[in-house]
Structure formats: structure tokens, C-alpha cells
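Report on the structure
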Amino acid sequence: VQLQASGGGLVQAGGSLRLSCAASGRTFSTYTAGWFRQAPGNEREFVAARRSNGGSTYYADSVKGRFTISTDSAKSTVYLQMNGLKPEDTAVYYCAADRGIILSDLRRWDAYDYWGQGTQVTVSS
């Protein structure tokens, strides 16, 4: 599975960005999709995930109500719509995918085998 992340950039606080993660084929019809982020000096942290089975979504408390994870109808691209951005959202954002992740492992970055290259999001105050 190859993942290609895009859509990062520089935005003012309160603004919006939409990240995309394109995969080969209908990957997200059978793979769980995850978004993680890593700021300088910090560990990689969970942002959001979408399970392929039923499409349930999960969010970190810090982004709940502001970010939305979704897929296109072909299940080949996963999006992260980010609204109400804050300076503390500044980080490199990574998309990830894997099959068979159990619910309790969704928020663990080391549970995912496939990763995109990362896209920088910078939010200015």
C-alpha cells in the first residue's frame, strides 16, 4: 500500500485546511485510516481514525469538534478537514493505514504498517 499525503500549508489561527491522503486502489474499503501528527520535540500523536468496517470515526480530544476524517466514494482517498485551527495544531501530519487494527490500538502509531510521507501544517497566531 502506497500513501501520498498533501494539502498542508500556512494558515492563520481560526482558518481551515483539508489534508488528503491518496492510496492505490480502493484501499480504505478494507484498511483502517489514521491521521497522526508530530511537532518538533514531541512524539507522534494520534489525531483521527476511520475504521473500514462501518466507517466509525475516532478523534483525539484536542481536535474533536474541529477536525473531520472522511473518505471519497471510491474509498481511495482519505481526508482530514481541519477547521478552527490553532497554533498548537502546528505539526507535520501523517496519514497511515492498516488492516485488522483492533479498536484499542487505533490511537497507537505503531499499530499502523503503512505511512504517507507527511505534510507540514503551520498555524500562525
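Residues numbered from 1 in each chain as written. Predicted model: local features only at pLDDT ≥ 70, side-chain atom pairs only at ≥ 80, totals over all residues. Heavy atoms only, no water.

Turning our eyes to something else, we now look at the sheet that holds strand E1 (residues 3-6). Taken in spatial order, the 4 strands line up as E1-E3-E8-E7 in an open sheet, and their pairing is antiparallel. Only two strands of the sheet have a single partner each, and these edge strands are E1 and strand E7 (67-71). Across the sheet, the axes of successive neighbouring strands diverge by a mean angle of 15°, strand direction being ignored. Here strand E3 (residues 17-23) pairs with strand E8 (residues 77-82) via 6 bridges, running antiparallel. Each bridged residue has a counterpart across the sheet, and for Cys21 the counterpart in E8 is Val78. (Pairing = 2+ DSSP bridges. Helix = DSSP H or I, 4+ residues; strand = E, 2+ residues; numbered from the N terminus. Axes fitted to C-alpha atoms, helices over the stretch in contact; angles between N-to-C directions.)

A few words on the pairing of strand E9 (residues 91-98). The element E9 is extensively covered by neighbouring structure, given that 7 of its 8 residues are classed as buried. For strand E4 (residues 32-38) and E9, the ladder comprises 7 bridges, and the chain directions are antiparallel. Residue Gln38 lies in a different strand from E9, and its bridge partner there is Val92. Where E9 lies against strand E11 (residues 119-124), 3 bridges are found, and the strand directions are antiparallel. Bridging from a neighbouring strand, Ala91 pairs with Val121 of E11. Summarising the sheet, E9 and strand E10 (residues 114-115) pair through 2 bridges and their orientation is antiparallel. Considered in E10, the bridge of Ala96 is made with Trp115. (Buried < 20%, exposed > 50% of the residue type's maximum accessible area, 1.4 Å probe, protein only.)

Each aromatic ring pair is characterised by the separation of its centres together with the angle its planes make. Under the counting rule described, the total for this entry stands at 6 aromatic pairs. Taken together, a centroid distance of 5.2 Å and an interplanar angle of 75° make the contact between Phe36 and Tyr112 edge-to-face. Residue Phe36 is located in strand E4, and its partner Tyr112 is located in the loop between E9 and E10; the two are separated by 76 residues in the primary sequence. Like Phe36, the residue Tyr112 is buried in the burial classification. Aromatic side chains Tyr94 and Trp115 sit 6.3 Å apart centroid to centroid with 80° between the ring planes, which places their arrangement in the edge-to-face category. Taken together, the residues Tyr94 in strand E9 and Trp115 in strand E10 connect sequence positions 21 residues apart. By way of ring pairs, the aromatic residues Phe36, Phe46, Tyr94, Tyr112 and Trp115 are connected into one cluster. A cation over a ring is seen here: Arg44 above Tyr94, with NZ or CZ 3.9 Å from the ring centre. (Phe/Tyr/Trp six-rings, centres within 6.5 Å; stacked < 30°, edge-to-face > 60°. Lys NZ or Arg CZ within 6 Å of the ring centre and 35° of its normal.)

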